[in-house]
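Below are the chains, spelled out letter by letter.
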Amino acid sequence: MKTWRIDTPSQTLVLASDGGVPAAVYWGPALPECDLNAIAAQAEVDVTGGMIDRLPPISLCPVEGDSLHMQPGLVAYREGLALHPQFKLIDGNGQHFTVRDDALGLTLSFAFDAIGDVIEAQTVIKAVDPITLHHLSAPVLPGPQSGDIRHFSGRWIGEFQAERSPWGPGVFKREARSGRSGHEHPPLAFFCETGCTNTQGTAFGMHYGWPGGHVMSAEELPDGRRQIQWGHTTGSHGTGLQFETGRLVLSVSTTGLNGCATAFQRHIRDDVVTWPKPDTPRPVHYNCWEAIYFDHDLDTLKDIAKRAADLGAERFVLDDGWFGKRDDDTSSLGDWDIDPRKWPDGLTPIIEHVQRLGMTFGLWFEPEMVNLDSDLARAHPEWILGGVDQIEGRQQRVLDMANPDVRDHLFGKISAVLGSHDIDYVKWDHNRLLPTPDATQAHGTLELMARLRAAHPMVEIESCASGGGRIDTGILRQTQRVWLSDSNDALERLRIQHEAALLLPSVVTGSHVGPRKCHTSGRVTDIRFRAWVAAQRHVGFEMDPRELTEDEAKVLRDVTSWWKDNRDWMRRADILRLDSNDDAVIAEQQLAEDGSRFVVFAGKATSGTQILPRPLRLTGLTSDATYRICLRNRGEAPGLSRANPALKQGPVELSGEFLMRHGLTLPWSLPETMWVLEGELL
């Protein structure tokens, strides 16, 4: 029996092989140096008096024919016949393993890379003769023996809805078949032991970094063993000689969900995203979409830009409607030439105006899509993916991104616009589900993005897919920002941001102050709540600034100024979700990298079930240190809050031990308001 171990500061993965496919014999909290053979021996149990002679550990790739009787990690066919390989280990160095079936001409490779506090795992299969691949799992790992599965559902303007499911006999399966990471099932799950909360307990975090759709299955066998698999959407690979899974990102925490979340956040920020200008502060955005929609008028936009700059905006993004004959969403997608009717002198006049105001300029594209009413569709109907009579989605169809001619055409058109204008930002949208899952679509899109980034290395890209439909580390290797939701409703955003923080750092998460009356919910929300919710992430505005009263404009300038003053340390801060004893309160603590300061955002979503606020426990502090805490916005206390708790009077100084064991008693507040507390280590 050969054994290996892979370590990060918080987790240990022990692998073992008796000559076949290696198995994970331990995945959990970090272990000290120990006898790996003893661990491997503990993973296999003899069974007497039953139908099973022995219980082997879960293979990194269970295959049918191994008498394992579980969901296989590989399902492939050749000339219509199912393949049942018998792999033998031919190479293993502790992080990379290769197994082979010479008779079938199949080679399977597993890679494990410890990066910071996460492990990235990936599977690759190579064939001598073509195979049709139905399913290939990233390395399969065992699940914990207690607790539940925390995962997410979602929809347009309702992303990252938290779900809990119990383990039980059989297979629990989630699959995103829309051709994107998915609103419906984001590629993120946590396998929590009993008693796990945000701040305490053991959690196993898994994220599948692939933007083309995925499947996750968690299986409990009759003998009690549990296995977890992740892979591309089943049936989306096609036929070929080589295939690879996405990178499965692994984290383990003994400090609750937050330990996994901060490992993911840091990994994305430091190891996944490449920043065109890494030393430049993140700019405050202004996006004109919900101010003008398709009605582009230079004088109007100049006025809006001037008002946005006065509010503190540093980047102006011109959204949909600048190209072709795009007066609504029924035409011109694919015709990426500037509309001379709206822009007779091109985009240069608005760009120069924006730059005189001290802002940079960004532009909206939806490269993967086409309207039937477009010059492109009329010239190249063969470039459209799917059948001629397919059901329309958002009045548009999908281009065949696997076709190099399509990519060449798109590169030429987009590169011409970027090369002839001073543009530092692209909002890359994706509003149509694929007619059928197809991994080559995602490969083609990633190739086009990489090519554009090589040609225009200073241009930043935002991943937007009807809001949060394409968020994963696969797309973030080519982008620097995600649009979390098309909903600018601050109340909805408060929850969506809170859940998405289990994966995303604030530095990549766009959050905008929307209109007074939200365009997607109809809810009217106070400017203070809207501004502070946006300030939790990469802040921006997406409303018509002409609607603002003098008081609203002042609030927005003040909050934006606060964000700019704090954005440098917040860029590298950990987002720690707090365990609130009041279901009405959604709270987080952003803790500086050196622990010297923090900010707490405590949003009250609804009326509480009791009169008095319950104390809010903080986390991640030094127990024997003292912290000075002030209520940044205590002037926003409502008239009904007549008492004078300490935080309303001024700063308080408390120990880390008290703040984590008892917590802070916040002043009473109305629903749809936010308390902002600033803490400093003394």
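Residues numbered from 1 in each chain as written. Predicted model: local features only at pLDDT ≥ 70, side-chain atom pairs only at ≥ 80, totals over all residues. Heavy atoms only, no water.

(A) Examining the nonpolar core more closely. In terms of nonpolar packing, the biggest core is built from 163 residues, with F112, F191, F316 and L504 touching the most fellow members. Once you skip the residues sitting within four places of it in the chain, F316 turns out to touch Y286, C288, L301, I304, A305, V354, M359, T360, F361 and G362. Listed in part, the 22 residues of the second largest apolar core include L576, V600, A625 and V652. (Core = buried A, V, L, I, M, F, W, Y, C linked by side-chain atoms within 4.5 Å. Buried < 20%, exposed > 50% of the residue type's maximum accessible area, 1.4 Å probe, protein only. Contact = heavy atoms within 4.5 Å.)

(B) Region of interest: the sheet that holds strand 22 (residues 285-287). Read around the closed barrel, the eight strands follow the order 22-23-24-27-28-29-30-31; overall the barrel is parallel. Pairs of neighbouring strands in the sheet enclose a mean axial angle of 30 degrees, with direction left out of account. Across two bridges, the pairing between strand 22 and strand 31 (residues 538-541) is parallel. Residue pairing for strand 31: Y286 is matched across the bridge by F541. (Pairing = 2+ DSSP bridges. Helix = DSSP H or I, 4+ residues; strand = E, 2+ residues; numbered from the N terminus. Axes fitted to C-alpha atoms, helices over the stretch in contact; angles between N-to-C directions.)

(C) Representation of the pattern of salt bridges in the model. Applying the stated rule across the entire model yields 45 salt bridges. A salt bridge links R477 to E120; its shortest N-O distance comes to 2.7 Å. Taken together, the positions of R477 in the loop between helix 9 (473-476) and strand 29 (481-483) and E120 in strand 11 (residues 118-136) put the pair 357 residues apart, joining distant regions of the chain. Assessed through its relative accessible area of 5%, E120 is described here as buried. Salt-bridge contacts for R315 lead to D424; the nearest nitrogen and oxygen are separated by 3.3 Å. In this pair, R315 sits in strand 23 (residues 315-318) while D424 sits in the loop between helix 7 (404-420) and strand 27 (425-428), placing the two residues 109 residues apart along the sequence. The residues R315 and D424 share a single accessibility class, namely buried. Shared partners join several salt bridges into a network, and the residues in it are R269, D270, R572 and E593. (Salt bridge = Lys/Arg side-chain N within 4 Å of Asp/Glu carboxyl O.)

(D) Structural view of the pairing of strand 14 (residues 158-166). With seven bridges connecting them, strand 13 (residues 148-155) and strand 14 associate as antiparallel partners. Following the sheet pairing, R155 is matched in strand 14 by G158. Linking strand 13 to strand 14, which pair antiparallel, is a turn of two residues; within it I157 sits at a positive phi near 55 degrees.

(E) How the structure looks around the packing of aromatic side chains. Inspection of the entire model under this criterion finds 21 aromatic pairs. On the numbers, 5.9 Å between centres and 55 degrees between planes, the contact of F598 with Y627 is tilted. Of this pair, F598 sits in strand 34 (residues 597-604) while Y627 sits in strand 35 (residues 626-631), placing them 29 residues apart in sequence. Across the pair, exposure class does not vary: F598 and Y627 are buried alike. One Lys or Arg, R571, reaches over the ring of W275 and ends 5.1 Å from the middle of that ring. (Phe/Tyr/Trp six-rings, centres within 6.5 Å; stacked < 30°, edge-to-face > 60°. Lys NZ or Arg CZ within 6 Å of the ring centre and 35° of its normal.)

(F) How the structure looks around helix 4 (residues 298-311). Look at helix 4: 20 Å from first C-alpha to last across 14 residues, which is about the 20 Å you get at 1.5 Å a residue. Those residues of helix 4 not exposed but buried are L301, I304, A305, A308, A309 and L311. All buried residues of helix 4 project into a common sector of 150 degrees when viewed along the axis, lining one side. Away from its buried face, by an angle of more than 90 degrees, helix 4 presents the exposed residues D299 and K306. Here the buried face of helix 4 lies against strand 22, helix 3 (289-292), strand 23, helix 5 (348-356), strand 31 and helix 12 (550-571). (Expected span 1.5 Å × (residues − 1). Arc of directions from axis to C-beta.)

(G) Representation of helix 8 (residues 439-455). With 17 residues, helix 8 extends 25 Å from end C-alpha to end C-alpha; this agrees with the ideal 24 Å at 1.5 Å per step. Turning to helix 8, its buried residues are A439, Q441, A442, G444, T445, L446, L448, M449, L452 and R453. Here the buried face of helix 8 lies against strand 19 (226-232), strand 26 (397-398), helix 7, strand 27, strand 28 (460-463) and helix 9.

(H) View of unusual backbone geometry. A positive phi angle, near 50 degrees, is found at F160, a position not held by glycine. Mapped onto the secondary structure, F160 falls in strand 14. Look at F160 and you get buried, because its relative accessible area is 3%.

(I) Representation of the pairing of strand 1 (residues 2-7) within the structure. As judged from the six bridges shared by strand 1 and strand 2 (residues 11-17), these two strands associate in the antiparallel manner. Within the sheet, the bridge partner assigned to D7 lies in strand 2 and is T12. Turn length for the strand 1-strand 2 hairpin, with the two strands adjacent in sequence and antiparallel, is three residues.

(J) Examining the environment of G346 more closely. Relative to the assigned elements, G346 resides in the loop between strand 23 and helix 5. On the basis of relative accessible area, G346 is assigned to the buried category, the value being 17%. For the pair G346 and W322, spaced 24 residues apart in the sequence, the C-alpha separation amounts to 9.5 Å.

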